[in-house]
Amino acid sequence: MKRFFVTLVLLSATLGLGGCGYNTLQSSDEQIKATWAEVVNQYQRRADLVPNLVNTVKGYAAQEQKIFIEVAEARSRVGSIQATPELVNDPQAFQKFQAAQAQLSNALSHLIAVSESYPQLKSDANFRDLQSQLEGTENRITVARNRYIQAVQDYNVTVRSFPSNLTAKMFGYSIKANFSVENEAQISKPPTVDFAPATPSSSASP
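Note that the structure is predicted; figures quoted are calculated from it, not measured. (Residues numbered from 1 in each chain as written. Predicted model: local features only at pLDDT ≥ 70, side-chain atom pairs only at ≥ 80, totals over all residues. Heavy atoms only, no water.)

(A) Representation of the overall build of the protein chain. From N to C terminus, the protein chain includes eight helices and zero strands. Walking the protein chain from its N terminus toward its C terminus, one meets helices and strands in the order α-α-α-α-α-α-α-α. Burial status across the protein chain gives 37% buried among its 206 residues. Counting contacts in the protein chain only where the partners sit at least 6 residues apart, residues at least 24 apart contribute 80% of the total. When the accessible surface of the protein chain is split by element, carbon and sulfur atoms take 55% of a total near 11900 Å². (Helix = DSSP H or I, 4+ residues; strand = E, 2+ residues; numbered from the N terminus. Buried < 20%, exposed > 50% of the residue type's maximum accessible area, 1.4 Å probe, protein only. Contact = heavy atoms within 4.5 Å. Areas by Shrake-Rupley, 256 points an atom, 1.4 Å probe, with all protein chains shown as cover.)

So this is what it looks like as structure tokens:
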């Protein structure tokens, strides 16, 4: 009889937690971890493209030192941030991560724009291949970011809503950081990749 009552109490507790949003909180938290891992993976893929892209541009536009320094500093800043799963629980650290990635996006846009002044660079097969890889990666970043944004929105609603908010407080589930919607449309745009045939330019270098 005692065992029966213990089982009944445990069953009631389990059903109570499920009804108060515990299972939803757990599954939502796991979804955030998965989508965040994909965001980090795609950003790392972009960072890995940078050295080859810079070296290719240097072969035709070695004098563009200001842009090379800008890209190097931006990539270094990105690399200095440990994008662990715990980062999403720290709003300040998350903001630094977002700012660093935005800085690298801007730097890469400037690097790509250099090709307009160097027809030989613009027509270089390796450069065009790297541009294509970069564009594809930026598109994957956008998709990964959007999935993460949606996952966090769903989770944060559960954390704030009654009665699941009580369960969240009891088990230490708190609001997680999300990408800001400010300039989201601009951030989501990959660097412009123009594969039109290059035309001679008086400012081009041989």
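(B) Representation of the nonpolar core in the model. In this structure, L53, V57, V71, L108, L111 and V114 are the most contacted members of the largest nonpolar core, which totals 23 residues. Elements with a contribution of two residues or more to this core: α2 (22–58), α3 (65–79), α4 (91–113) and α6 (125–160). Per element, the largest residue contribution to this core is six residues, and it comes from α4. Among all residues touching V57, those that are not within four sequence positions of it are A62, F68, L111, V114, L121 and F127. Grouped together as the second largest cluster of nonpolar side chains are 22 residues, L25, Y148, V159 and A168 included. (Core = buried A, V, L, I, M, F, W, Y, C linked by side-chain atoms within 4.5 Å.)

(C) Spatial organisation of the side chain of S164. Relative to the helices and strands, S164 resides in helix α7 (residues 164–171). A polar atom in the side chain of S164 sits 2.9 Å from the backbone oxygen of S161. (Polar contact = N/O pair within 3.5 Å; in protein donor to acceptor, adjacent residues only side chain to side chain.)

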